[in-house]
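Listed below, chain by chain, are the residues.
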Amino acid sequence: MRLSRFFMPTLKETPSEAQIVSHRLMLRAGMIRQASAGIYSWLPLGYRVLKKIERIVREEQDIAGSQEVLMPTIQSADLWRESERYDAYGPEMLRITDRHDREMLYGPTAEEQITDIFRGSIRSYKDLPQMLYQIHWKFRDEIRPRFGIMRGREFLMKDGYSFDLTKDDARRSYNRMFVSYLRTFQRMGLKAVPMQAESGPIGGDMSHEFIILADTGETKVQCHKDLLGFDVPDDVDYQGDLQPVVDKWTSLYAATDEKYDEVRAAQIGDALVTARGIEVGHIFYFGTKYSQSMNAVVNGPDGEGVPLEMGSYGIGVSRLVGGIIESSHDENGIIWPESVAPFTVGLINLKSGDDACDTACDDLYSQLRKAGVEVLYDDRALRAGPKFADMDLIGLPWQVVIGPRGLANGIAEVKNRKTGEKEEMPVTGIADRFAG
């Protein structure tokens with residue numbers, strides 16, 4: 001994409017309403033614009049990142065054996081009355097009455113909707129287990145939306161649901177999602193620590209939040225420092241026993257403030273890390289909470305009806321955009337991990353209008369695109385300073401700079417945005433460098 005044609009309305013000054021780094025940088029980089037309180041439009045640069053994150057989430061869900069569906073955003077209030085959550089959920093739920101006086105709601109989550117689908121479709125234990133998910137917009141009417149997309153009212157979420165016959169089977173499904181989430185966040189360049197957490201309005205007695213440590217986080221957390229050095233193996237076998245992987249992560253103390261364990265914290269001593277964190281994922285096992293109240297049963301091996309054992313699994317897809325920025329930025333702007341960057345390479349023409357520079361940049365731009373490299377070409381007729389500033393602000397992983405002086409020797413400068421390291425390379429070899 002040529003920057004002269006790309007809709008990227010950057011801002012020089014930080015808007016006064018932006019209180020945290022991610023909100024400031026997303027506004028300044030032209031990624032989002034506020035439509036109303038807690039509701040944002042996603043502009044091209046931000047939307048590209050959102051789709052990259054969504055793609056990783058989808059790929060890891062599919063690998064783990066979950067199947068994608070798409071459910072309505074508007075749900076019937078009657079379903080929520082069956083589960084006894086309609087009145088209990090509180091004012092965060094946006095309640096609606098249609099023209100026929102039917103009570104509806106804009107779904108903050110979809111346990112009731114998926115349970116209704118499942119109870120009308122699956123009759124026998126032989127059709128279990130099943131895991132379904134969607135990536136869809138949700139709405140929660142926050143009393144005080146703030147921090148941009150980090151605490152907005154409308155948000156993009158991956159919500160998944162498991163259906164099993166027994167508690168042991170349900171635990172295996174829970175473990176699948178536990179490991180899948182670790183892999184998902186690691187692919188995005190994040191260190192997300194699973195921590196014991198309260199289940200809240202979702203319900204259940206087993207729950208983990210996946211937390212990124214960040215000074216701006218709303219959640220107070222504690223964990224053993226060794227957890228921050230753990231990695232997830234690339235060769236996870238979802239058909240095998242995942243309990244050892246889960247045990248590795250859960251054997252060490254890690255909990256949100258609501259689950260604070262004074263005894264275990266004291267035992268850790270100097271290895272205890274106390275910090276603030278950002279929740280990017282939350283998984284729940286709630287057993288038969290919904291299947292019993294909504295009569296979602298299957299015929300078991302003995303022919304008797306058995307309530308389904310269920311769990312639900314959420315990832316804040318849009319929230320992750322802000323979370324990644326909070327954990328990866330400097331004083332000049334965003335630093336995108338390559339896996340979620342809107343473009344891989346920022347190509348900077350230092351002297352647009354100069355025939356030699358224009359020709360070299362145009363040729364390289366064409367070569368990179370043919371090689372499948374996502375490149376943003378700054379061909380604007382501006383001074384070098386604003387071009388460098390914009391590229392640092394939007395945080396593409398690599399910058400390739402072509403100017404008259406280097407071009408005279410067939411050389412371009414390549415900069416790593418994360419490390420700041422620069423190297424000179426022959427212009428003729430740059431396309432191959434990034435195509436690999």
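Residues numbered from 1 in each chain as written. Predicted model: local features only at pLDDT ≥ 70, side-chain atom pairs only at ≥ 80, totals over all residues. Heavy atoms only, no water.

A. Looking closely at the pairing of strand β2 (residues 39-42). With 4 bridges connecting them, strand β1 (residues 32-36) and β2 associate as antiparallel partners. Bridge pairing links Gln34 to Tyr40 in β2. Linking β1 to β2, which pair antiparallel, is a turn of 2 residues; within it Gly38 sits at a positive phi near 75 degrees. (Pairing = 2+ DSSP bridges. Helix = DSSP H or I, 4+ residues; strand = E, 2+ residues; numbered from the N terminus.)

B. Here's a closer look at the sheet that holds strand β21 (residues 398-402). Spatial ordering of the open sheet is given by β20-β19-β21-β22-β23, a layout of 5 strands whose pairing is mixed. Either end of the sheet is taken by a strand with one partner, and the two such strands are β20 (375-378) and β23 (422-426). This sheet shows a mean twist of 25 degrees between the axes of neighbouring strands, independent of strand direction. Summarising the sheet, strand β19 (residues 345-349) and β21 pair through 5 bridges and their orientation is parallel. Across the sheet, the residue bridging to Leu347 is Val400, located in β21. Of the strands in this sheet, β19, β20 and β21 touch helix α10 (residues 355-370), which is tilted by about 165 degrees from β19. Those strands touched by helix α11 (residues 384-394) are β19, β20, β21 and β22 (411-416), and its axis lies near 175 degrees from that of β19. (Axes fitted to C-alpha atoms, helices over the stretch in contact; angles between N-to-C directions. Contact = heavy atoms within 4.5 Å.)

C. Representation of the layout of surface pockets. Taken as a whole, the second largest pocket holds about 270 Å³ of empty space. The leading source of residues in the lining of the second largest pocket is helix α5 (residues 167-187), at 5 residues. A per-class count over the lining of the second largest pocket returns 4 nonpolar, 8 polar and 5 charged. (1 Å grid on protein atoms, 1.4 Å probe; cavity = no way out; pocket = protein on both sides within 12 Å on 5 of 7 lines; lining within 4 Å. Points joined across faces, edges and corners; volume = space filled by probe spheres on them. Nonpolar A, V, L, I, M, F, W, Y, C, P; charged D, E, K, R; others polar.)

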